[in-house]
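The lines below spell out each chain.
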Amino acid sequence: MGLFDKFKRGLTKTVKILNTDVRDLFKSEGRLIDDEFLDEMRAILFKTDMGFVSAEEIVAEVAKNFRGRVVQLEDVVRTWKAKLGELMRQDASPIRFAASGPTVIMVCGVNGAGKTTSIAKLAAMFKSEGKSVLLGAGDTFRAAAVEQLTIWSQRLGTEIVTGDPGAHPASVAYRAVEQAVAKQIDVCIVDTAGRLQTQKNLMAELTKIQTSIRKLVPEAPHEVLLVLDATTGQNGVSQAANFTQSVDCTGIVLAKLDGTAKGGVVVAIRQQVGLPVKYVGVGEKAEDLALFQPEEFVDALFADIEAKAPGAAG
Amino acid sequence: MFEALQDGLSGAFKTLRGQGKLSESNMRDGLKLVERSLLEADVSFPVVRDFMKRITDESVGEAVLKSLNPSQQVVGVVYQALIDFMGPVDHSLHLKGKNELTVLMMCGLQGSGKTTTSGKLGRLLKAAGRSPLMVACDLQRPAAIDQLHIIGEQLDVPVFSDRTQKDPVAVTKAAQAHAKKIGADVLILDTAGRLHVDEALMEELKRVDRQAMPDQVLLVIDSMTGQDAVNSAKAFNDALELDGVILTKLDGDARGGAALSVKHVTGVPIKFIGVGEHLDALEEFHPDRMAGRILGQGDILTLVEKAQREFDQDEMLAQEERLKKGEFTLDDFRKQMGQISRLGPLQKVMGMIPGMGSLMKHLDDVDAEQGMKRMLGIVDSMTADEKRNPTKVIDQNRRRRIASGAGVEPHEVNELVKQFSAMSQVMTAMAGKGVKDRMKMVRELQTGAMSNPAGQLTRQKQSSGKRLSPQEKAKLKKQREKELRKRRRDGKGGK
Ligand SMILES: Nc1nc2c(ncn2[C@@H]2O[C@H](COP(=O)(O)OP(=O)(O)OP(=O)(O)O)[C@@H](O)[C@H]2O)c(=O)[nH]1
Ligand SMILES: Nc1nc2c(ncn2[C@@H]2O[C@H](COP(=O)(O)OP(=O)(O)OP(=O)(O)O)[C@@H](O)[C@H]2O)c(=O)[nH]1
Ligand SMILES: [Mg+2]
Ligand SMILES: [Mg+2]
């Protein structure tokens with residue numbers, strides 16, 4: 001199965017929910033775009049977690065173009081897609097590899113978002129590209145966090161650097177990068193403990209981890225990925241804003257997109273923080289990772305509606 | 001924890017306020033803002049609509065026409081509706097007798113906090129004199145069994161696991177037998193995280209459910225969850241008939257709208273909230289506190305308006321005059337405190353001050369009221385001269401006398417004087433300034449208080465824990481009366 005298929009599989013349920021709602025809006029051939037219609041539309045958009053501002057922007061766009069007219073579904077959808085595509089536009093930005101020496105990737109995020117699993121998925125992807133991988137077990141706090149990453153490293157056949165429980169994560173990160181350099185490893189991925197963005201000490205600790213990595217390789221970490229749980233609501237914006245302040249985040253891994261959650265908060269994040277999404281997680285297995293592509297994200301979101309658009313009453 | 005939602009509502013009511021008599025339509029505008037802030041707080045859209053309908057039904061018409069202070073009335077309605085939506089509460093785990101086995105089953109989406117919360121419940125039960133046994137039913141996530149074992153070791157609570165097993169139903173069965181063997185009376189099943197749309201895994205969960213016949217099925221939900229919270233909660237409830245919900249990670253800035261949505265959609269009570277990664281970070285869920293925090297929301301302008309109505313206007317003017325001259329005495333301080341306590345239960349009043357909400361979390365009403373009484377008692381035990389010039393006049397001897405008069409420790413007198421001098425500086429600086437500048441100063445003052453949350457109020461909580469014997473109390477009362485007589489003789493006591 002290609003990556004895009006997996007990505008779409010993750011989005012299918014999202015699309016299903018969205019589409020049922022959308023088709024409800026068009027019980028007959030066309031509908032008059034009035035306040036009532038706009039309010040129903042608002043409800044549908046809001047359910048994606050894209051946030052008030054983003055949803056309102058789309059509503060405004062539709063209002064501007066269609067108010068007072070009786071329209072067909074595909075006209076409205078085209079406006080939604082254009083607007084969302086515009087909002088989410090970004091470079092197709094996969095990992096930025098180091099010119100020489102190991103590429104260092106630091107992974108951070110709130111508790112339970114899917115950091116460790118996403119690291120396993122990234123490692124599996126790099127391995128499949130023929131790269132050597134070393135994992136740094138920088139979560140020295142949570143019970144069995146080191147064991148969890150160790151099991152993944154064994155399964156995937158990567159190197160791993162661990163510290164004693166309670167060791168400072170910055171020192172573990174330092175040693176991981178040190179070893180990656182010494183052993184001429186291609187990619188070094190550093191795990192960190194989950195932390196809420198409001199915890200000042202823990203956020204400062206994250207900065208320290210980044211600093212200690214830079215002591216060895218000044219241009220590292222080449223990527224700082226924020227793992228975001230796709231079920232997250234508007235708090236995702238606060239997460240993106242605050243993690244970006246503490247470390248130099250380069251992008252988002254949107255995990256758990258295989259559920260019914262739509263992950264729409266990335267739209268709000270994109271708008272308010274500017275952080276792009278790089279990968280999406282669509283399952284618990286090592287291969288359940290796909291590259292995020294904004295056009296496809298938007299296309300996939302509305303694909304079903306378009307297929308059924310002519311005479312879309314459903 | 002609900003501060004973000006509070007901010008939103010606070011913004012909404014700012015617009016509701018100050019418009020004189022509200023018409024039906026401009027109340028609707030305010031309600032639109034309430035609706036928006038609920039949505040921004042991640043309350044599910046249909047739930048928001050239900051909620052707003054109820055608020056509108058209750059507020060429009062009669063209330064608007066009759067009410068003299070419509071904005072407050074709307075606040076009241078919203079507050080009550082929030083409580084109703086999140087309640088009634090049931091904190092009990094409905095444990096059976098110690099000679100029987102009570103089974104608790106944890107379930108939920110991946111990473112919501114099931115394993116950690118299992119540990120937290122284990123700790124709670126152990127502290128309550130129970131013998132819990134935690135069971136590692138998560139055979140999926142790498143190192144899930146290790147995680148539970150480590151937590152068990154930290155708590156000294158036994159953990160049952162079988163690393164050779166692939167079927168959680170078999171593990172559950174073996175755990176039930178093991179519990180009998182070791183005399184455990186509560187079984188806590190930590191199941192694997194799963195998506196509510198994963199049919200195979202939901203079926204597996206149902207099989208565990210049938211084997212365990214749990215007395216309580218608890219759904220663990222991440223408080224940062226957005227609109228999807230209702231979907232998953234509903235699916236788990238349909239599959240298992242939940243008995244309770246535990247909302248985790250409320251120690252962050254999540255607006256936590258899921259509390260409202262999940263309760264409304266499933267009807268299942270929220271029992272506990274998780275407020276940290278440590279195993280003691282579990283609290284009972286209180287809808288009134290939650291709603292009170294949602295509304296008692298840093299809404300300092302409400303407090304000011306209320307205060308302005310209730311404060312004696314003449315007294316205010318007189319104080320203002322003295323303040324302008326740079327005078328702010330302990331007498332003024334005492335009067336203000338007295339006025340504040342007239343505004344209502346201290347906790348509510350404090351809750352209206354931004355930043356104080358979280359401080360008040362550490363206190364219950366009784367502590368706070370007592371703290372206030374102690375402060376007043378100290379001031380009352382001072383002579384007029386001491387009140388006018390506390391920093392200069394009060395020496396060690398006087399401090400001791402005042403302390404015994406008020407029935408407190410001498411160092412408390414010291415603290416009060418220190419606080420007072422800090423406050424008097426601010427008060428005199430405030431005199432003659434507009435409301436806006438004042439608010440800014442109060443806010444700055446509070447940020448100071450926040451950065452030292454272990455400061456005055458918590459310390460008082462400790463000291464008020466020292467109970468005096470009846471004899472000691474009688475003795476102190478006598479002394480106080482003597483003081484009082486003496487002060488009356490002095491003639492110029494500020495009372
Ligand atoms: N369905 C699904 N589950 C996922 C995905 N990514 C991670 N998970 C699951 O989510 C749970 C938490 O994942 P972890 O990788 O341990 O999360 P973490 O962010 O490292 O957690 P902490 O280190 O405790 O903060 C595990 O049960 C994972 O299997 C995904 O894309 N889809
Ligand atoms: N800040 C905070 N973190 C919490 C809280 N409860 C749990 N966590 C953290 O959330 C992460 C996930 O917790 P777990 O207990 O492993 O979650 P789980 O539901 O068992 O995860 P799976 O078994 O993978 O589905 C860990 O990092 C916990 O330390 C809480 O109340 N506050
Ligand atoms: Mg982890
Ligand atoms: Mg678990």
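Small disclaimer: the values here were computed from a predicted structure and weren't measured.

Observations concerning the overall build of chain A
Along the backbone of chain A there are 11 helices and 10 strands. Sorting the 314 residues of chain A into buried and exposed places 54% on the buried side.

Thoughts on the interface of chain B and chain A
Taken residue by residue, the interface counts 32 residues in chain B and 33 residues in chain A. Among the secondary structure elements, those contributing two or more residues to the side of chain B that touches chain A are helix H2 (24-40) and helix H7 (144-155) of chain B. When residues in the side of chain B that touches chain A are grouped by element, the largest group, four residues, is from H7 of chain B. Its residues assigned to classes, the side of chain B that touches chain A shows 11 nonpolar, 10 polar and 11 charged.

Re the confidence of the model for chain B
Residues and elements named next belong to chain B. When the pLDDT values of chain B are averaged, the result is 75; 61% of them are 70 or greater. Contacts of residues 1-6 to residues separated by more than four positions or lying in other chains number 22 contacts, the stretch itself having pLDDT below 50. With a pTM of 0.75, the predicted complex shows an ipTM of 0.89.

Some details on the packing of helix H8 (residues 168-182) of chain B against helix H9 (residues 199-212) of chain B
Relative orientation and spacing of two packed helices are given, respectively, by the angle between their axes and the distance between those axes. Residue and element names in this part refer to chain B. As a packed pair, H8 and H9 sit with axes 9 Å apart at the nearest point and diverge in direction by 20°. As the angle between them shows, H8 and H9 are arranged roughly parallel. For the crossing formed where H8 meets H9, the hand is right-handed. Between H8 and H9, the residues in contact are Pro-168, Val-169, Thr-172 and Lys-173 and Glu-204, Arg-207, Val-208, Gln-211 and Ala-212, respectively. By residue class, the composition of the contact of H8 with H9 is four nonpolar, two polar and three charged.

Concerning the site of ligand 2
Taken together, 27 residues lie near ligand 2, and Asn-111 and Gly-112 of chain A together with Thr-116, Gly-193 and Gly-274 of chain B sit nearest. Those chains with residues close to ligand 2 are chains A and B. Sorting elements by how many residues they give to the shell around ligand 2 places helix H6 (residues 114-127) of chain B first, with three residues. Per-class residue counts for the shell around ligand 2 are six nonpolar, 14 polar and seven charged.

Details of helix H3 (residues 52-66) of chain A
Residues and elements named next belong to chain A. With 15 residues, H3 ought to run about 21 Å at 1.5 Å a step, and its terminal C-alpha atoms sit 21 Å apart, in line with that. As for H3, its buried residues are in contact with helix H2 (35-46), helix H4 (73-88) and helix H10 (265-272). Gly-68 occupies a position one or two residues after H3 and carries a positive phi of about 85°.

Remarks on the environment of Asp-91 of chain A
Note that Asp-91 of chain A resides in the loop between H4 and strand S3 (103-108). Sequence separation between Asp-91 of chain A and Ala-120 of chain A is 29 residues, and the spatial gap between their C-alpha atoms is 25 Å.

Concerning the site of ligand 1
Every one of the 26 residues lining ligand 1 counts as a neighbour, but Gly-114, Thr-117, Gly-194 and Gly-281 of chain A together with Gln-110 of chain B are closest to it. With respect to ligand 1, the chains having nearby residues are chains A and B. The dominant element in the shell around ligand 1, judged by the number of residues it contributes, is helix H5 (residues 115-128) of chain A, at three residues. Of the residues contributing to the shell around ligand 1, the split by class is six nonpolar, 12 polar and eight charged.

What about the sheet that holds strand S8 (residues 282-284) of chain B?
Residue and element names in this part refer to chain B. Read from one edge of the open sheet, eight strands run S3-S2-S4-S1-S5-S6-S7-S8, paired in mixed fashion. The open sheet has two edge strands, strand S3 (159-160) and S8, and neither has a second partner. Note: strand S1 (residues 102-107) against strand S4 (residues 186-191), five bridges, orientation parallel. By the bridge assignment, Thr-102 is partnered in S4 with Val-186. Here H7 sits on the sheet and contacts strand S2 (132-137), S3 and S4; the angle it forms with S2, its principal contact strand, is near 165°.

A short note on the nonpolar core
Counting residues in hydrophobic clusters, the biggest one holds 169 residues, and the most contacted among them are Ile-189 and Leu-254 of chain A together with Leu-104, Val-135, Leu-187 and Leu-189 of chain B. Non-local contacts of Ile-189 of chain A, meaning those with residues more than four positions away in its chain, are made with Ile-105, Val-107, Ile-119, Leu-122, Ala-123, Val-133, Leu-135 and Gly-136 of chain A. Counting 15 residues, the second-largest nonpolar core is a separate cluster that includes Phe-333, Met-375, Leu-416 and Phe-420 of chain B.

Description of the UniProt feature "domain: SRP54-type proteins GTP-binding" (unreviewed entry) in chain A
The UniProt feature table records "domain: SRP54-type proteins GTP-binding" (unreviewed entry) at residues 276-289 of chain A. Measuring from the first to the last C-alpha atom of residues 276-289 of chain A gives 16 Å, for a span that is 0% helix and 43% strand.

So, the pairing of strand S6 (residues 187-192) of chain A
All names here are of chain A. Counting buried positions along S6 yields six of six residues, so the element is predominantly enclosed. Here S6 shows no split at all, with Val-187, Ile-189 and Asp-191 on one side and Cys-188, Val-190 and Thr-192 on the other all buried. Relative to S6, S3 runs parallel, the two being bridged by four bridges. Bridge pairing in S6 links Thr-103 to Val-187. Both strand S4 (residues 133-138) and S6 contribute to a ladder of six bridges, which runs parallel. Within the sheet, the bridge partner assigned to Gly-136 lies in S6 and is Val-190.

Examining the pairing of strand S7 (residues 270-274) of chain B
The side chains of a regular strand alternate, residue by residue, between the two faces of the sheet. All names here are of chain B. A large share of S7 lies buried, amounting to five of its five residues. As defined by bridge partners, strand S6 (residues 244-248) adjoins S7 across three bridges and the pair is classed as parallel. Bridged to Leu-247 within S7 is Ile-273. Between S6 and its parallel partner S7, the chain crosses via helix H11 (residues 258-266), and the hand of that crossover is right-handed. Two elements, S7 and S8, share three bridges in a ladder whose sense is antiparallel.

So, how was this worked out
Residues numbered from 1 in each chain as written. Chains lettered and ligands numbered in written order. Predicted model: local features only at pLDDT ≥ 70, side-chain atom pairs only at ≥ 80, totals over all residues. Helix = DSSP H or I, 4+ residues; strand = E, 2+ residues; numbered from the N terminus. Buried ≥ 20, exposed ≤ 12 C-beta atoms within 10 Å, placed from the backbone. Contact = placed C-beta atoms within 7 Å. Nonpolar A, V, L, I, M, F, W, Y, C, P; charged D, E, K, R; others polar. pLDDT = per-residue confidence, 0-100. Axes fitted to C-alpha atoms, helices over the stretch in contact; angles between N-to-C directions. Parallel < 35°, antiparallel > 145°, perpendicular 65-115°, else oblique. Left-handed = near helix turned anticlockwise from the far one by under 90°. Near = placed C-beta within 6 Å. Expected span 1.5 Å × (residues − 1). Pairing = 2+ DSSP bridges. Core = buried A, V, L, I, M, F, W, Y, C linked by C-beta atoms within 7 Å. UniProt positions renumbered as here; feature names shortened; annotations may be inferred. Right-handed = clockwise from strand over helix to strand, strands pointing away.

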